[in-house]
2 protein chains.
Amino acid sequence: MQFSGLYKVLILTASNSIGIVSAKRAKFDTPLVFRSGAVLPRYELVYETCGTLNADKSNAILICHALSGHHHVAGYYADDPKNIGWWDNMIGPGKPVDTDKFFVVSLNNLGGCHGSTGPSSINPETGQPYGSGFPVITVDDWLASQARLADLLGIRQFAAVIGGSLGGMQALQWSLSFPGRVRHVLAIASAPHLTAQNIAFNDVARSAILGDPDFHGGDFYRHNVVPARGLRLARMLGHITYLSDDVMADKFGRELRSGKFSYGYDIEFEIESYLRYQGDKFASYFDANTYLLMTKALDYFDPAHDFGGDLNRAFARAKADFLVISFTTDWRFSPERSREIVRPLLHNRRNVSYAEITSTHGHDSFLMEHPHYFDVMRAYLDNVASEFVK
Amino acid sequence: MQFSGLYKVLILTASNSIGIVSAKRAKFDTPLVFRSGAVLPRYELVYETCGTLNADKSNAILICHALSGHHHVAGYYADDPKNIGWWDNMIGPGKPVDTDKFFVVSLNNLGGCHGSTGPSSINPETGQPYGSGFPVITVDDWLASQARLADLLGIRQFAAVIGGSLGGMQALQWSLSFPGRVRHVLAIASAPHLTAQNIAFNDVARSAILGDPDFHGGDFYRHNVVPARGLRLARMLGHITYLSDDVMADKFGRELRSGKFSYGYDIEFEIESYLRYQGDKFASYFDANTYLLMTKALDYFDPAHDFGGDLNRAFARAKADFLVISFTTDWRFSPERSREIVRPLLHNRRNVSYAEITSTHGHDSFLMEHPHYFDVMRAYLDNVASEFVK
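Only a predicted model underlies this, so the values are computations on that prediction, with no experimental measurement involved.

Student: Honestly, the overall build of chain A in this entry has me stumped. Any pointers?
Tutor: Regarding its fold elements, chain A presents eleven helices and 14 strands. For chain A, whose C-alpha radius of gyration is 21 Å, the value lies close to the compact-globule estimate of 21 Å for 390 residues. Over its C-alpha atoms, taken along the principal directions, chain A stretches across nearly 65 × 65 × 45 Å. Counting across all 390 residues of chain A, residues that qualify as buried make up 59%. Taking contacts inside chain A between residues at least 6 apart in sequence as the whole, the part at least 24 apart equals 72%. Accessible area for chain A stands at about 15,200 Å²; split by element, carbon and sulfur atoms hold 52% of it. Averaging the positions of the 37 positive and the 41 negative side-chain charges in chain A gives two centres separated by 4 Å.

Student: Even after reading the chapter, I still don't get the relation of the copies chain B and chain A, so can you show me in this structure?
Tutor: One copy of the chain maps onto the other through a rotation about an axis plus a displacement along that axis. Once chain B has been moved 0.0 Å along the axis and rotated by 180 degrees, it coincides with chain A to within an RMSD of 0.1 Å. The relationship between the two copies is best expressed as a two-fold rotation axis. Of the residues that chain B buries at the interface, 100% are likewise interface residues in chain A, meaning the two copies contact each other through the same surface.

Student: So what exactly am I meant to see when it comes to the interface of chain B and chain A here?
Tutor: In many reports, interface size means the accessible area that the parts give up when they come together. Listed by partner, the interface residues are 54 residues for chain B and 54 residues for chain A. The contact between chain B and chain A buries some 4,700 Å² in all, and 67% of this surface belongs to carbon and sulfur atoms. Seen at the junction of chain B and chain A, the total is eight salt bridges. A salt bridge links A:Asp203 to B:Arg276; the shortest N-O distance between them is 2.6 Å. Along the contact surface separating chain B from chain A lie 18 residue pairs in polar contact (both at pLDDT 80 or more). Of all the secondary-structure elements, those providing two or more residues to the side of chain B that touches chain A are helix H4 (196-210), helix H5 (228-242), helix H6 (245-251), helix H7 (270-283) and helix H8 (288-300) of chain B.

Student: Just to check I follow, could you spell out the side chain of A:Ser106 for this structure?
Tutor: Residue and element names in this part refer to chain A. Within the secondary structure layout, serine 106 lies in strand E8 (residues 103-107). Residue class for serine 106 comes out buried when judged on its relative accessible area of 1%. There is a polar contact of 2.6 Å between the side chain of serine 106 and the backbone oxygen of histidine 71. Those residues in contact with serine 106, other than ones at most four positions away along the chain, are Val46, Tyr47, Glu48, Ile63, His71 and Val73.

Student: Would you mind showing me how to read the pattern of salt bridges here?
Tutor: Opposite charge on two side chains lets them pair, provided their charged atoms get close. For the coordinates displayed, the defined rule picks out 42 salt bridges over all chains. Measuring nitrogen to oxygen at the nearest pair gives 3.2 Å for the salt bridge that ties A:Arg35 to A:Asp306. With A:Arg35 in the loop between strand E2 (32-33) and strand E3 (39-40) and A:Asp306 in the loop between helix H8 (288-300) and helix H9 (311-314), the pair connects residues that are 271 residues apart, well separated along the chain. Assessed through its relative accessible area of 35%, A:Arg35 is described here as partly exposed. Measuring nitrogen to oxygen at the nearest pair gives 2.6 Å for the salt bridge that ties B:Arg232 to B:Asp280. With B:Arg232 in helix H5 and B:Asp280 in helix H7, this pair connects stretches of sequence that are 48 residues apart. On the basis of relative accessibility, which here comes to 41%, the residue B:Asp280 falls in the partly exposed class. One salt-bridge network, held together by shared partners, links A:Asp203, A:Arg206, A:Asp299, B:Glu272 and B:Arg276.

Student: What's the story with helix H11 (residues 371-386) of chain A in this structure? I'm lost.
Tutor: Residues and elements named next belong to chain A. Here H11 is 16 residues long and its end C-alpha atoms lie 22 Å apart, about the 22 Å a rise of 1.5 Å per residue gives. Within H11, burial applies to Tyr373, Phe374, Val376, Met377, Tyr380, Leu381, Val384 and Ala385. For H11, the angular spread of the buried residues around the axis is 165 degrees, confining them to a single face. In H11, the exposed positions that point more than 90 degrees away from the buried face belong to Pro371 and Asn383. Tucked inside the fold, the buried residues of H11 contact strand E5 (60-64), strand E7 (97-98), strand E11 (158-164), strand E12 (182-188), strand E13 (321-327) and strand E14 (352-357).

What counts as what
- Residues numbered from 1 in each chain as written.
- Chains lettered and ligands numbered in written order.
- Predicted model: local features only at pLDDT ≥ 70, side-chain atom pairs only at ≥ 80, totals over all residues.
- Heavy atoms only, no water.
- Helix = DSSP H or I, 4+ residues; strand = E, 2+ residues; numbered from the N terminus.
- Rg over C-alpha atoms; globule rule 2.2 N^0.38 Å.
- Buried < 20%, exposed > 50% of the residue type's maximum accessible area, 1.4 Å probe, protein only.
- Contact = heavy atoms within 4.5 Å.
- Areas by Shrake-Rupley, 256 points an atom, 1.4 Å probe, with all protein chains shown as cover.
- Lys, Arg positive; Asp, Glu negative; His and termini not counted.
- Charge placed at Lys NZ, Arg CZ, Asp CG, Glu CD.
- Least-squares fit on C-alpha atoms with pLDDT ≥ 70 in both.
- Buried area = accessible area lost by both parts, 1.4 Å probe.
- Salt bridge = Lys/Arg side-chain N within 4 Å of Asp/Glu carboxyl O.
- Polar contact = N/O pair within 3.5 Å; in protein donor to acceptor, adjacent residues only side chain to side chain.
- Expected span 1.5 Å × (residues − 1).
- Arc of directions from axis to C-beta.

Structure follows, in structure tokens:
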């Protein structure tokens, strides 16, 4: 009898995963004109879905990913069961993004390096990777490509578009680029634009990649090298901004790897070990050109840009309802940055809920299972579901 | 008559500068044993003095510099009148560090690149620059070399030791290494040790330098190159941490250099222009090995290390009085880090004054002329002067 509790937990865990998923490919042969004026004649998007699209196709949710994310958000692959989706804690049966109610669509953004057409893809016109020839992309351009994917899936309007960080920016932009195609926007740990400090960090990361002798102006593929040193530095720096000062202090403090000072330049403090490991791991699989593109998309995102810097005017065309969530120790996109989103929405009399979650984990909080955060997500999305579930 | 005001200002400006100064060299032939166990058989320190040492040598102040500082703190050189000392606003006749009252000593720290023996100096035993052979140095080691300089000048006890940032750490260490040799310690924008986040930023900076192919394991001198890319990145990153988010927003915001997006990787935002300029300038004159040494000295500084992490015990041997100053927007060494210094001093019943200055300029505030900050410095040092000036 004493095992019945454990048994229930095991059942719950199993039933909590969406289970086996598989990636699909969508091919688009209509040229995409970028905001920069560049044209991509054709491209492919890799995407996944989970849950079931209801009869009137009103229960679809789009998940937008952040800098290093991709389409694999939940479940696992039949041939790779350890490869669990990056937001599996949030998405699944009975989870806040409940796949018993919603049809969840996720994709790898254009310019990415997880299967969608990007700098490392073969340009059919040259037979070589795009490399430096891949156009600089903006959130607007992603939106255009995501809307085409929605068309392909027969989804006229998303019940919700959800994203954290750069993903939150895409979610916000959905309400502006396609006001009629999204009923709810959930923007988590996000901002209405980058500050000078945010851009500065991105510029250091980019400078590390651009200055790596192995970058070869973006065409490193043909030299059979990768600018691993630059990418590693970029990721190390990124990690500092994802974590709070407090959580770094708690996790690593001044802990020494060998217990004493070694008076040299090898790894000495545990935090160095962590950062270098994260940097090396990232540099072993992520594409340097994609990293550059993602940081530029972040820099450019600025809905107020075309409205003389006035966010009130920028959000005037939004029709959706909004949930905005921030985390107290997030210094990359602090709660104040989320309030900058809330204010113009209130100004425009949108329905907007705002939650500031007390969390020690900094910007990374948006990826973590935090009871208050998950309760807010669940409650909001249960209401969204009640709009179409009888 | 209308010019009399201007005339007075001109007179005041002239009388406000200490005027012409010149660097001196001190040679030490007694071997210095570093905390690491390494031994430097002989070394030179370049230093400057201003003001007049009084008869009983009780009016001497030592200025300790931070990461990129040096001995030239005030005045200018006869053959280079534009080369004004880095703390000339603070030090001079009638200034907070009043050279009419005090005899000010400043030096370039051992391991530096402004004239004192460091990695770029010629090792007399090899006829080549020390390079990678220069020992990793700690604040303790600097203190030992500074005490020898004091001996040479006949200064048994400093009226005060003053420093900002890493300089503040040296000032604090004076009260611990040589409790009888310092009456007042002024630690500005400093901390009792680095946090994991501080170390993390240093490690990214070091990784940029160590990974630069032009670094050649520290012996780049013999290859006639400098690891400019790495040093540039390190400085760019440093600058982000010296400035507050607010001051960056005020100074640069999202200002575009050409007024519009260029969709490429050249300089686009003004903040990028500023950072890259600062990085290039620094890389053109600063020694990469010195940069590494300075960041390591920062990482290692931890007076509590030998006392089981207990700052109360660490500061038990301090005899000096203290002035601790922090700046509200300094996120590199926040006011809380200064309070971490104040608490163990109070615990040990030291006389300690603490001022938290409201300033928008982040960590860089300690170098700036801010009325409240300067008033506090002046008032405190006037009291110090009253101990010996009749």
